[in-house]
Amino acid sequence: MKVAKEFGLEVIKIDSAWGTPLNPEEFKKVLEEDKQKEIKAVIFTHSETSTGVINDLETISSYIQQHGTALSIVDCVTSIGACNVPVDEWQLDIVASGSQKGYMIPPGLSFIAMSQKAWESAERSNLPKFYLNLKSYRKSLLNNSNPYTPAVNLVFALDEALKMMREEGLDKIFQRHEKHKLAMSNAVKTLNLKLFADERYLSPSITAIKTEEIDAEGFRKSIKNNFDILLAGGQDHLKGKIFRVGHLGYVNDRDIITVISAISKTLLDLGKITAQEAGEAIVVASRYLDEG
Ligand SMILES: *Cc1c(COP(=O)(O)O)cnc(C)c1O
């Protein structure tokens, strides 16, 4: 929204409460009301990393398609590489991701997929741009080149990451993220903690957990100091109220069991759970991990 405004664009905001998914029907309503076809694009995020929510990309995209002229521009940074994002089947116009998430390599590369319709818009676009003018990247790409020097070192890293992904296979990668999501979310429930996100829309990449009367920042610090595991905190008004466990990319069953054990031990020390519950969390997680 800030970026769009910076470019002098007029923005209509469609919101949802933190932890709940975007309501596709709200998109439908706004798009249907736009009889003059003035809406140029709908920009939103598929997997919302700050809250652990995954949005119904397929349905929202179908409403954008019905509008006819608006493009979908989707941040798939923490969904690509974690779950299926069939760009063509869902008729997504612009999909963007970055090297530091599902691709498991350092930050510095970004990836973009664009529909024919999006390229036609790019041809017409008169918004100011230079370094990130996609037309120049496309032109160079056709000559197997780049308009500027790219982060070559990261391209080598990407080559290796893609080999690993190919070896594991996309279906297996998606299954692994799904089982880690289920293991994590169900284990924390046995630890008397509540999920922050709507359980029907849990992101495959990250689980956000409410700590209620426990200070989440202190909890995170304790886990960092005792186990050298870095949990993410809450952003903005959620700081101190939630912590987040990332399970995107280079993560295996051992990592999941370890983080659940660390959380259990810390809660046990705080007197928040019984030994029985601490043990149960591992049993519950194992049940989901065995399914993969
Ligand atoms: C990490 C992330 C980004 C990229 O963040 P930068 O730090 O700006 O590169 C964008 N969207 C989502 C949903 C993310 O998780």
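Residues numbered from 1 in each chain as written. Predicted model: local features only at pLDDT ≥ 70, side-chain atom pairs only at ≥ 80, totals over all residues. Heavy atoms only, no water.

Asker: How should I be thinking about unusual backbone geometry in this particular structure?
Answerer: When glycine is set aside, most residues are seen to have a negative phi, and most peptide bonds are trans. Positive phi, normally seen in glycine, also occurs at Asn192, with a value near 60 degrees. Within the fold, Asn192 resides in the loop between α7 (170–190) and β7 (194–195). If you check the backbone angles, Asp228 has positive phi at about 60 degrees while not being a glycine. Within the secondary structure, Asp228 sits in the loop between α8 (216–227) and β9 (232–233). (Helix = DSSP H or I, 4+ residues; strand = E, 2+ residues; numbered from the N terminus.)

Asker: Please explain the pairing of strand β10 (residues 242–246) as it appears in this structure.
Answerer: Successive residues of a regular strand alternate their side chains across the two faces of the sheet. Counting buried positions over the 5 residues of β10 gives 4, a clear majority of the element. In the sheet, strand β8 (residues 206–210) pairs with β10 via 5 bridges, with the strands oriented antiparallel. Residue pairing across strands places Thr207 opposite Val245, the latter belonging to β10. Here 2 bridges tie β9 to β10, and the two strands are oriented antiparallel to one another. By the bridge assignment, Ala232 is partnered in β10 with Arg244. (Buried < 20%, exposed > 50% of the residue type's maximum accessible area, 1.4 Å probe, protein only. Pairing = 2+ DSSP bridges.)

Asker: Just checking my understanding: could you explain helix α3 (residues 57–67) for this structure?
Answerer: An α-helical segment advances 3.6 residues per turn. Residues three or four places apart therefore align on the same side. Within the span of α3, buried status applies to Leu57, Ile60, Ser61, Tyr63, Ile64 and His67. Considered in projection along α3, the buried side chains sweep an arc of 160 degrees and stay on one side of the axis. Contacts made by the buried residues of α3 are with α2 (24–33), β1 (41–45) and β4 (71–75). With its phi angle positive at about 100 degrees, Gly68 sits one or two positions after the end of α3. (Arc of directions from axis to C-beta. Contact = heavy atoms within 4.5 Å.)

Asker: Would you mind showing me how to read the environment of Leu132 here?
Answerer: Looking at the secondary structure, you find Leu132 in the loop between α4 (116–124) and α5 (134–142). Given a relative accessible area of 60%, Leu132 falls into the exposed group.

Asker: Please clarify how the packing of α2 against α3 should be interpreted in this entry.
Answerer: Angle between the axes and distance between the axes are the two parameters that describe a pair of packed helices. Packing of α2 against α3 leaves a shortest axis separation of 9 Å and a crossing angle of 10 degrees. Put simply, α2 runs roughly parallel to α3. Contacts from Pro24, Glu25, Phe27, Lys28 and Leu31 in α2 reach Thr59, Ile60, Tyr63, Ile64, Gln66 and His67 in α3. Its residues assigned to classes, the contact of α2 with α3 comprises 6 nonpolar, 3 polar and 2 charged. (Axes fitted to C-alpha atoms, helices over the stretch in contact; angles between N-to-C directions. Parallel < 35°, antiparallel > 145°, perpendicular 65-115°, else oblique. Nonpolar A, V, L, I, M, F, W, Y, C, P; charged D, E, K, R; others polar.)

Asker: What is the right way to look at the site of the ligand in this model?
Answerer: Close to the ligand lie Thr45, Ser47, Thr49, Asp75, Val77, Thr78, Gln100 and Lys101. Between an oxygen atom of the ligand and a side-chain N or O atom of Thr49, the distance comes to 2.4 Å. Here a nitrogen atom of the ligand and a side-chain polar atom of Asp75 are 2.5 Å apart. Protein chains bury 52% of the 380 Å² of accessible surface belonging to the ligand in isolation. (Near = heavy atom within 4 Å. Polar contact = N/O pair within 3.5 Å; in protein donor to acceptor, adjacent residues only side chain to side chain. Areas by Shrake-Rupley, 256 points an atom, 1.4 Å probe, with all protein chains shown as cover.)

Asker: I keep staring at the domain arrangement of the protein chain and nothing clicks. Help me out?
Answerer: Where interface size is quoted, it is often the accessible area lost as the parts come together. Per the domain assignment, the segments of the protein chain are domain 1 (2–165) and domain 2 (169–290). Taking only C-alpha atoms, the centre of domain 1 and the centre of domain 2 are 29 Å apart. On the domain 2 side, the residues contacting the 20 residues of domain 1 number 24 residues. Between domain 1 and domain 2 we count 0 salt bridges in total. Viewed at the interface, domain 2 and domain 1 are joined by 7 residue pairs in polar contact (both at pLDDT 80 or more). Those elements giving two or more residues to the side of domain 1 that touches domain 2 turn out to be β3 (53–54) and α6 (152–168). Grouping the amino acids of the side of domain 1 that touches domain 2 by side-chain chemistry returns 9 nonpolar, 10 polar and 1 charged. (Domains from an automatic or database assignment. Salt bridge = Lys/Arg side-chain N within 4 Å of Asp/Glu carboxyl O.)

Asker: Please explain the pattern of salt bridges as it appears in this structure.
Answerer: Between side chains of opposite charge, pairing is possible as soon as their charged atoms come close. For the coordinates displayed, the defined rule picks out 15 salt bridges. For Asp15, the salt bridge goes to Lys13, with nearest N and O atoms at 3.7 Å. Accessibility expressed as a relative area gives 48% for Asp15, which makes it partly exposed. Taking the shortest distance from any N to any O, the salt bridge between Lys239 and Glu217 comes out at 3.7 Å. Of the two residues, Lys239 is situated in the loop between β9 and β10 and Glu217 in helix α8; the sequence distance between them amounts to 22 residues. It is possible to trace a salt-bridge network through shared partners that takes in Glu217, Arg220 and Lys239.

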